[in-house]
Amino acid sequence: MKAFLKGVLKRAAGEYAEVRWEEVTRSRVVFQRDQLMALESSREAGGIVRVLADGAWGIAVFTDPEEIPKRLEEAASLARAAAGHVRNRIRLAPVEPVEDSVTVSVEEDFREVPLEEKRKLAQRYNELILGYSKEIVSSSVRYTDSMRRVVLANTEGTYIEQEIPDVTLHLAAVARRNGDIQQAFESLGEAAGYEFVKDREEKALAAAKRAVELLSAKPVKGGRYTVVLDQELAGVFIHEAFGHICEADFLLRNEPMRKLMQLGKRFGVEALNVVEDGYIPGRRGNAPYDDEGVRRRKIYLIRGGILTGLMHSRATAAATGMEPTGNARAVSWEHEPIVRMRNTYIEPGEATFEELLKGIDHGIYAKGAFGGQTEFEQFTFSAAYAYEIVGGEIGGMLRDVVLTGNVFETLRNIELLGKDFELKGGAGGCGKDGQSPLPVTFGAPHVRIRDVIVGGK
Amino acid sequence: MGILEKAAAKAKEAELYEEYREGITVSFKGGELEKVKSEAVLGRALRVIVDGKLGFASTAGEEEDPLVEAAVASARHGDPAPFSFPELKGEGEVKVLDPEVQELSPDDLLAWGEEAAKAITEEFPGIIVDVFLSRGESCVRVANTTGGVREERRSYFGMYVEAQHVKEGDIWLLWVGKTVRRREDLSPEMLVSQVIRYLRWGERVVPSPAGRPPVLFTPRGAVVLYLPLLVGFSGLSVYMGTSPLKGRLGEEAFDRRLTIVDDGTLPFGPRSGSFDDEGVPTGRLPLVEGGVIQHFYYDLRSAALAGAEPTGNGMKGGFFGGGFRTPPSPGPRNILVSPGEGTLEELIAEMKEGIIVEGVLGLGQGNIQSGAFSNNVGTGFVVKGGKVIGRLKNTMIAGNAYEVLKDHLVAIGAEAEWCHGIYRSPALLVEGVSVVSR
């Protein structure tokens, strides 16, 4: 492959060209109640070329490797067609060419584990959920693994081969009492081997138990509350509400937004530090290089409450006079790299959990995340479940807790940061510009925020 | 020897699904062209039944022998197949290919993108405009060991326009978009004029009424109410017992004025096709007629489990379709909601005081099965004295779609529009939605 790609790229047109070819080995086991909905162990391969010609990008996606020379020509001609419409020519920040081969060794390689064993494991978790209570009416258990072998070559002499393992487990329970249906789930993911998903019986039972408990939970009453977010929900908040607006591709052609996101501007309390951590081996989606062949870095988005960094690709770095940060990622061979997060977290503070609750007369302790969405400053995310806080103490269980607000105000309204930090990779992933689900991790300590709007009847 | 023959040598029954997608996408950011992309992707999936057990495998590209081996290996550890692959009969052809779409060149798409950005920024110079246009064709082929083959070329043409109003303390993101199969069903000028109308409505931010004011869901905003139904009418959800509609066929579960049909045969419907991803002919399936639940939709598996007939709703990639990597499951085709009376302006005048919901954040993040929704209103407007007086902010709506569509439907509008590439609906004026605002 190496000699072939190098040869092909020598003849490529334009200022810059790259080829990415991926070979993926993947399996999936899905149970829904008593039905085995998917049982699969497959392989696939596909590629993408990008050509920068006359300051514009042309891109071509394909599945036949023999077409690479043809697709490079096609991408170049698309770029030239585009060039007439581009006012500011796209440039790439310089990086040193890299030749590297990254292989990963995991404890128990899931490619060696028979499909039958994966099925048995998922089935056992599924049976635990279904057998937990008569009120459990359905379940969903999903096991996935994949090993992506990514080859990246460009006209600057970079040639990188990387292996990226990913293994996930999603355990969900659906409970029903009369007409009322409630669901709960546990979701795990890591760049690890098969060992990561074994012995997770307690997670399956936790999902089942919570689904049943939610049947008796009170629907939350809408209003404004002081909320304490657990690590997972605070992590989702920082990823969704703040992380996405620190992606420089989004700011590049958006002058008013760029002004709002000026480095040096105060965004939160002194104690607030937000990190985008480039490479944490073993964490979901982590590899030493991004999909432009740039080495991944750790950057502080917020330090001491001040905005200190943004995430960049080579193009956004060149356009803004910054250094590339290794944040250009593609979810698969069907997509070009765009600016994405990887491990995004709020650093821990000093408070104990009791200190976080202290003085909250009537608030909400929100845990876990069904999901989150953001439109610039507006964000919304759903807690998987929650509890009342009454007189500084945890009270009864609440459900249907959806939190919303303005991210800038909410960051300023952070009152306290716990010391109990956790970093989490779920079984889902992040979505942007039609590229989903991208494996990421997010983290935080417990975080206390005042004046959060909670929707509800 | 082809894949199917190789599979047939090892399996009693086999089915090969192939999808070849070829198309072009152009993206504009901040009014300026960002990239032009082409794709030519071949995806395949093979299902086999070996010793009565079902196996599945999928691949992209040319790997033929490994695909057969993987499917057979999966069957070895699979569960008994509750169904057989059907005879593939080519009755009736649904129109899904428009040659005019294939004739659209990258230059055509580039021109529309540029014109859209220009038209919007001429009236609203500070607005940031992103535009995405795509056109292409997918060729879907389903063949199985009954000897039958179904094959169809389907065109698609889509445009999405996003307008961003960015000011410190007031950022607003508005988008409209449409995906169709026929060139004439998408007017770039219409989409742009919708954006401009909303931008005019939204120039001023005004306080939202709270409590339980009337809420007018525009056709696009009505997805808040339809999403739970799209899941609830799935024959699989019903069989699994997670749908609140289970056991309620024939029941008047909705307002009498509500009629909803799932139609896979509609000429050039965005999700129309002569057959589904299992080769079953599509049809016209009433889901709700005069408020009464008529049918659920099924793929082969859920139909066999529930003792129902497959309805041509076996979709790869599940609910929203579109993925060779996953086995089929029941998914809606084109959801058509029958129009009532009144233009959008008339409905606005009728409700006098209330809010308009055009777009929300957090769609599908709550307990959808139960019908519950709780969303931040991304694009919404305030109506006073029967007129739109401005845009609302920091507002959440919450309620239950099943309750709203049964007991709180005030009016169904006359003007139906294609939304989200999946349904065609008029605007809905409702009550019984809680509105919380700051």
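Keep in mind it's a predicted model, so treat the numbers as computed, not measured.

Each value, and the rule that gives it
Along each chain, residues carry numbers from 1 onward, in the same order as the chain's sequence is written. Lettering for chains starts from A, numbering for ligands starts from 1, and both go in the order in which the items are written. A pLDDT threshold of at least 70 governs which residues receive local features in this predicted model, and a stricter bar of 80 or more applies before side-chain atom pairs are shown or counted, although totals over entire chains, interfaces and linings include all residues. Counting from the N terminus, the helices are DSSP H or I runs at least four residues long and the strands are E runs at least two residues long. Values of the radius of gyration come from C-alpha atoms, whereas the globule rule sets the reference at 2.2 Å times the count of residues to the power 0.38. To sort residues by burial, count the other C-beta atoms lying within 10 Å of each one's C-beta; a count of 20 or more means buried, 12 or fewer means exposed, and anything in between means partly exposed. C-beta atoms are built from the backbone. A pair of residues counts as a contact when their C-beta atoms, built from backbone coordinates, are within 7 Å of each other. Here, axes are lines fitted to C-alpha atoms. For helices the fit covers the stretch in contact, and angles between N-to-C directions go from 0 to 180 degrees. Working rule for handedness: look at the near helix, and if it is turned counterclockwise from the far one by less than a right angle, call the crossing left-handed; if clockwise, right-handed. By the convention adopted, Pro, Cys, Tyr, Trp, Phe, Met, Ile, Leu, Val and Ala count as nonpolar, Lys, Arg, Asp and Glu as charged, and the other residues, Gly among them, as polar. Here a helix's expected span is defined as the number of its residues, less one, multiplied by 1.5 Å. Throughout, the arc means that of the directions going from the helix axis to the C-beta atoms. Note that domain bounds follow an automatic or database assignment of domains. Only when DSSP finds a minimum of two bridges between them are two strands counted as paired. Each nonpolar core comprises buried Ala, Val, Leu, Ile, Met, Phe, Trp, Tyr and Cys residues, the members being joined through C-beta atoms within 7 Å. Confidence of the prediction at every residue is given by pLDDT, a number between 0 and 100. Orientation labels follow simple angle bins: below 35 degrees gives roughly parallel, above 145 gives roughly antiparallel, 65 to 115 gives roughly perpendicular, and whatever is left gives oblique.

**Q** Break down the overall build of chain A for me, citing the residues and quoting the values.
**A** When helices and strands are counted, chain A shows 10 helices and 25 strands. Relative to the compact-globule value of 23 Å for 457 residues, chain A shows a C-alpha radius of gyration of 23 Å, a close match. Considered along the principal axes of its C-alpha atoms, chain A spans approximately 70 × 55 × 35 Å. The burial tally for chain A puts 60% of its 457 residues in the buried class. Taking as baseline every contact in chain A between residues at least 6 positions apart, the subset at least 24 positions apart corresponds to 75%.

**Q** Break down the overall build of chain B for me, citing the residues and quoting the values.
**A** Counting secondary structure elements, chain B contains 10 helices and 22 strands. Taken over the C-alpha trace, chain B has a radius of gyration of 23 Å; the compact-globule value for 438 residues is 22 Å, and the two agree within 12%. For chain B, the spread of C-alpha atoms along the principal axes amounts to about 70 × 55 × 35 Å. The proportion of buried residues among the 438 residues of chain B is 59%. At a minimum sequence separation of 6, the contacts of chain B that also span at least 24 residues come to 70%.

**Q** Help me get a handle on the packing of helix 1 (residues 3–10) of chain B against helix 2 (residues 65–76) of chain B, residues and values and all.
**A** Residue and element names in this part refer to chain B. Taken N-terminus to C-terminus, the directions of helix 1 and helix 2 make an angle of 35°; their axes are 10 Å apart at the nearest point. Our pair here, helix 1 against helix 2, has a crossing hand that is right-handed. Between helix 1, through I3, K6, A7 and K10, and helix 2, the contact on the second element is made entirely by L67, V68, A71 and V72. When its residues are assigned to classes, the contact of helix 1 with helix 2 shows 6 nonpolar, no polar and 2 charged.

**Q** Can you explain the environment of R11(A)? Please cite residues and give values.
**A** Mapped onto the elements of the fold, R11(A) is located in the loop between helix 1 (2–10) and strand 1 (16–32). For the pair formed by R11(A) and L72(A), sequence separation is 61 residues and the distance between their alpha carbons is 9.3 Å.

**Q** Report on helix 4 (residues 106–123) of chain B, specifying residues and quantitative values.
**A** Helix length check: helix 4 of chain B, at 18 residues, gives a terminal C-alpha distance of 27 Å against a target of 26 Å (1.5 Å per residue), a fit within 8%. Buried within helix 4 of chain B we find P106(B), L109(B), L110(B), W112(B), G113(B), A116(B), A117(B) and I120(B). Viewed along the axis of helix 4 of chain B, the buried residues span an arc of 165°, placing them on a single side of the element. Away from its buried face, by an angle of more than 90 degrees, helix 4 of chain B presents the exposed residues K118(B), E122(B) and E123(B). Packing partners of the buried residues in helix 4 of chain B comprise helix 2 (68–83) of chain A together with strand 1 (13–29), strand 2 (32–50), strand 4 (128–144), strand 5 (149–167) and helix 5 (188–201) of chain B.

**Q** Residue-level account of the domain arrangement of chain A, with values.
**A** Residues and elements named next belong to chain A. For chain A, the assigned domains are domain 1 (2–216) and domain 2 (219–455). One C-alpha centre belongs to domain 1, the other to domain 2, and the line joining them spans 22 Å. The set of elements that each furnish at least two residues to the side of domain 1 that touches domain 2 consists of strand 1, strand 2 (35–53), strand 3 (56–62), strand 5 (136–154), strand 6 (159–177), strand 7 (180–190) and helix 4 (201–215). A per-element tally of the side of domain 1 that touches domain 2 places strand 6 first, with 7 residues. Classifying every residue of the side of domain 1 that touches domain 2 by side-chain character gives 18 nonpolar, 10 polar and 9 charged.

**Q** Hey, could you go over the pairing of strand 1 of chain A for me, with residue numbers and the actual values?
**A** Residues and elements named next belong to chain A. The buried count for strand 1 comes to 12 of 17 residues, which makes it a mostly enclosed element. Looking at chain direction, strand 1 and strand 2 are connected through 17 bridges and run antiparallel. For E22, the partnering residue across the bridge sits in strand 2 and is G46. Hairpin geometry of strand 1 and strand 2 is characterised by an intervening segment of 2 residues between the two adjacent antiparallel strands and by a positive phi of about 50° at R33. Looking at chain direction, strand 1 and strand 5 are connected through 15 bridges and run antiparallel. In the strand pairing of strand 5, W21 is matched with V151.

**Q** Could you give an account of the sheet that holds strand 10 (residues 274–277) of chain A, with specific residues and numbers?
**A** One key point about sheets: their strands pair by backbone hydrogen bonds, in either a parallel or an antiparallel sense. Residue and element names in this part refer to chain A. The 6 strands lie next to each other as 12-11-10-15-24-21, forming an open sheet whose pairing is mixed. Looking at strand neighbours, the two that pair on one side only are strand 12 (306–307) and strand 21 (422–424), the edges of this open sheet. Packing of helix 5 (residues 231–242) onto the sheet brings it into contact with strand 10, strand 15 (343–346), strand 21 and strand 24 (441–444), and relative to strand 24 it is tilted by some 115°.

**Q** Lay out the interface of chain A and chain B with the relevant residues and their values.
**A** Between chain A and chain B, the contact holds 67 residues from the first and 63 residues from the second. Sort the elements by how many residues they give to the side of chain A that touches chain B and strand 2 of chain A lands first, with 11 residues. By residue class, the composition of the side of chain A that touches chain B is 26 nonpolar, 24 polar and 17 charged. Sheet analysis places strand 3 of chain A next to strand 2 of chain B, joined by 6 bridges and oriented parallel.

**Q** Hey, could you go over the sheet that holds strand 10 (residues 292–293) of chain B for me, with residue numbers and the actual values?
**A** Spatial strand order, 10-9-8-13-20-19 (chain B): 6 strands in an open sheet with mixed pairing. Sheet topology places strand 10 and strand 19 (417–419) of chain B at the edges, where each strand pairs with a single neighbour.

**Q** Can you tell me about unusual backbone geometry, naming the residues and giving the values?
**A** Residue and element names in this part refer to chain A. Residue S436 is joined to P437 through a cis peptide bond whose omega torsion reads -5°. Topologically, P437 is positioned in strand 23 (residues 435–438). Phi is positive for F376, close to 55°, though the residue is something other than glycine. Looking at where F376 falls in the secondary structure, it is placed in the loop between strand 16 (362–375) and strand 17 (378–390). Its identity as a non-glycine residue notwithstanding, D451 has a phi of 60°, on the positive side. Relative to the assigned elements, D451 resides in strand 25 (residues 447–455).

**Q** Talk me through the nonpolar core; I want residue IDs and the actual numbers.
**A** A general trend in soluble globular proteins is that nonpolar side chains are found buried together. Core analysis: the biggest nonpolar cluster contains 294 residues, and A79(A), I129(A), I364(A), L46(B), A71(B) and V161(B) have the highest contact counts within it. Once residues within four sequence positions are removed from consideration, A71(B) is found in contact with A7(B), L46(B), R47(B), V48(B), G55(B), F56(B) and A57(B).

**Q** Please give an account of the pairing of strand 7 of chain A that cites residues and values.
**A** Residues and elements named next belong to chain A. In terms of burial, strand 7 is largely enclosed, as 9 of its 11 residues are buried. Note: strand 6 against strand 7, 11 bridges, orientation antiparallel. Along strand 7, the bridge assignment pairs A173 with A184. Between strand 6 and strand 7, which follow one another and run antiparallel, lie 2 residues, and N178 among them has a positive phi close to 50°.

**Q** Could you give an account of the domain arrangement of chain B, naming the residues involved and the relevant values?
**A** A common way to state how big an interface is: give the accessible area lost once the parts meet. Residues and elements named next belong to chain B. If you check the domain split of chain B, you get domain 1 (3–200) and domain 2 (202–438). Once you take the C-alpha centre of each, domain 1 and domain 2 turn out to be 22 Å apart. Each side of the interface is counted separately: domain 1 has 39 residues, and domain 2 has 32 residues. Those elements that provide at least two residues to the side of domain 1 that touches domain 2 are strand 1, strand 2, strand 3 (53–60), strand 4, strand 5, strand 6 (170–180) and helix 5. If you tally residues by element for the side of domain 1 that touches domain 2, the top one is strand 6, at 8 residues. Classifying every residue of the side of domain 1 that touches domain 2 by side-chain character gives 17 nonpolar, 6 polar and 16 charged.

**Q** I'd like a description of helix 2 of chain B, backed by residues and values.
**A** End to end, helix 2 of chain B covers 17 Å across 12 residues, agreeing with the expected 16 Å (1.5 Å per residue, within 8%). Among the residues of helix 2 of chain B, L67(B), V68(B), A70(B), A71(B), V72(B), A73(B), S74(B) and A75(B) are the ones counted as buried. Looking at the buried residues of helix 2 of chain B, the elements they touch are strand 2 and helix 3 (115–130) of chain A together with helix 1, strand 2 and strand 3 of chain B.

**Q** Talk me through the environment of P332(B); I want residue IDs and the actual numbers.
**A** All names here are of chain B. With respect to the helices, strands and loops of the structure, P332 is situated in the loop between strand 12 (329–330) and strand 13 (335–337). Between the alpha carbons of P332 and G314 there is a distance of 8.7 Å; along the sequence they are 18 residues apart. Beyond its immediate chain neighbours, meaning those up to four positions away, P332 contacts L230, D262, Y297, N313 and I422.

**Q** Talk me through the confidence of the model for chain B; I want residue IDs and the actual numbers.
**A** Here chain B averages 94 in pLDDT, while 98% of its residues score no lower than 70. The ipTM assigned to the predicted complex is 0.92, against a pTM of 0.94.

**Q** Account for the packing of helix 4 of chain B against helix 5 of chain B, with residues named and values stated.
**A** Residues and elements named next belong to chain B. At a closest axis distance of 10 Å, the pairing of helix 4 and helix 5 adopts a crossing angle of 25°. Classed by the angle they form, the pair helix 4 and helix 5 counts as roughly parallel. Between helix 4 and helix 5 lies a crossing of right-handed hand. Contact residues: helix 4 offers W112, A116, A119, I120 and E123, while helix 5 offers P188, V192, V195 and I196. Among the residues forming the contact of helix 4 with helix 5, the class breakdown is 8 nonpolar, no polar and 1 charged.

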